[in-house]
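Okay, here's what each chain looks like letter by letter:
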Amino acid sequence: MSFLQALILAIVEGITEFLPVSSTGHMIIASHWLGIRETPFVKLFIVAIQLGAILSVLVLYWKRFFKSVDFYVKLFIAFIPAVVLGLLLNDIIDKLLESIWTVAIALFIGGLIFLKVDDWYAGNKETEIDNKKAFVIGLFQTIAMIPGVSRSGATIIGGMTQKLTRKTATEFSFFLAVPTMFGATAKKLWDYYQDGFTMTHEQMQLILFGNAVAFLVAMLAIKMFIAYVTKKGFRFFGWYRIAIALLVMFIALYQNR
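Residues numbered from 1 in each chain as written. Predicted model: local features only at pLDDT ≥ 70, side-chain atom pairs only at ≥ 80, totals over all residues. Heavy atoms only, no water.

Caption draft 1: Region of the structure containing the overall build of the protein chain. Assigned secondary structure in the protein chain consists of 12 helices and 0 strands. Taken from N to C terminus, the helices and strands of the protein chain fall in the order α-α-α-α-α-α-α-α-α-α-α-α. Taken over C-alpha atoms, the radius of gyration comes to 18 Å for the protein chain, in line with the 18 Å a tight globule of 257 residues would show. In terms of overall dimensions, the protein chain has a C-alpha envelope of 50 × 40 × 35 Å along the principal axes. If you take every contact in the protein chain between residues at least 6 apart in sequence, the share linking residues at least 24 apart comes to 83%. With an accessible surface of roughly 12600 Å², the protein chain has 69% of that area assigned to carbon and sulfur atoms. (Helix = DSSP H or I, 4+ residues; strand = E, 2+ residues; numbered from the N terminus. Rg over C-alpha atoms; globule rule 2.2 N^0.38 Å. Contact = heavy atoms within 4.5 Å. Areas by Shrake-Rupley, 256 points an atom, 1.4 Å probe, with all protein chains shown as cover.)

So this is what it looks like as structure tokens:
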């Protein structure tokens, strides 16, 4: 992987991590189109640079993380389902990360859902999250283990099923990303070294570079996304997901001819 390829992937990560379009799905598509060979390091890179994007949440919402212990209790409750299923299904998830068709199908189905989600939950007015709501959102997050589903998309919809407003559901999705992505990255690093792999000096530089770029891009993406969905909702992202899914399917079929 070159630094130019790392730059492109990091920009894609920063833009898509908090949008309901699947950052992992877009990273898989981008790496596929850039001709980056699937290696253990590439899989690690795709997960590891999510940390940079997640740090942008800590910077933008740092006051929330000092608000109360109850805030962390809710995050922990929402985090539990992902920990359990992530450990149980780790090998299956790794296999799915190699499938461009899994990404395309998940993007398409998710797109159809986002075309209607604003209508389904138009009357939502709640802005408080209790432990039960947090756990339900955590269950929805586990669906995002399928590449192309979108972690933010799944958790936002999970929050809206609990009658939360678009803004409240979206912000909690951001907060939940912090322990989830830290945990996923730590697990991926542990597995990488347990399998006998080590990182070269250049590979370490690539990960640090990717995280820095993802952090800066994500800072802008979060601000723009919150402002947009609060006013206009999610329909645009539904059409976007469908368009990208159809494009990926078309290219995949063409390449296999």
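Don't stop here, the text continues.
Caption draft 2: Highlighting the nonpolar core. In this structure, Phe18, Val57 and Phe234 are the most contacted members of the largest nonpolar core, which totals 37 residues. Examining the composition of this core, we find that 8 residues originate from one element, helix α10 (residues 166-194), more than from any other. Discounting residues that sit within four places of it in the chain, Phe18 has contacts with Ala53, Ile54, Ser56, Val57, Ser152, Phe174, Ala177, Ala218, Ile222 and Phe225. (Core = buried A, V, L, I, M, F, W, Y, C linked by side-chain atoms within 4.5 Å. Buried < 20%, exposed > 50% of the residue type's maximum accessible area, 1.4 Å probe, protein only.)

Caption draft 3: Here's a closer look at a nonpolar patch on the surface. On the surface, Phe76, Ile80, Val83, Val84, Leu85, Leu87, Leu88 and Leu89 cluster together to form a nonpolar patch covering roughly 680 Å² of accessible area. By secondary structure assignment, the location of Phe76 is in helix α5 (residues 69-88). (Patch = residues over 30% accessible without salt bridge, like charges linked within 9 Å, V, L, I, M, F, W, Y side chains within 5 Å. Salt bridge = Lys/Arg side-chain N within 4 Å of Asp/Glu carboxyl O.)

Caption draft 4: A look at helix α11 (residues 201-232). With 32 residues, α11 should reach 46 Å at 1.5 Å per residue; the first-to-last C-alpha distance of 45 Å fits that figure. Gly233 sits one or two positions beyond α11 and adopts a positive phi of about 85°. (Expected span 1.5 Å × (residues − 1).)

Caption draft 5: Structural context of the packing of aromatic side chains. In total, this model carries 20 aromatic pairs according to the counting rule given. Measuring from centroid to centroid gives 6.2 Å for Phe174 and Phe225, while their planes differ by 45°, and the two rings are tilted. Placement of the pair is Phe174 in helix α10 and Phe225 in helix α11, with a sequence separation of 51 residues. Look at Phe225 and you get buried, because its relative accessible area is 2%. Centre to centre, the rings of Tyr228 and Phe237 are 5.8 Å apart; their planes meet at 85°, and the pair counts as edge-to-face. Through a chain of ring-to-ring contacts, the aromatic side chains of Phe18, Tyr61, Phe65, Phe71, Tyr72, Phe174, Phe175, Phe225, Tyr228, Phe236, Phe237 and Tyr240 assemble into a single cluster. (Phe/Tyr/Trp six-rings, centres within 6.5 Å; stacked < 30°, edge-to-face > 60°.)

Caption draft 6: Representation of the pattern of salt bridges. Per the counting criterion, the structure on display carries 8 salt bridges. A salt bridge links Asp70 to Lys74; the shortest N-O distance between them is 2.1 Å. One end of the pair is Asp70 and the other is Lys74, both in helix α5 and 4 residues apart, which spans about a single turn. In this structure Asp70 comes out as partly exposed when scored by relative accessible area, which is 39%. Close ionic contact of Lys133 with Asp130 constitutes a salt bridge, the shortest N to O distance being 3.6 Å. Judged by its relative accessible area of 12%, Lys133 is buried. Via salt bridges that share partners, Lys116, Asp119 and Arg235 belong to a single interconnected network.

None of this, on its own, says anything about what the molecule does.
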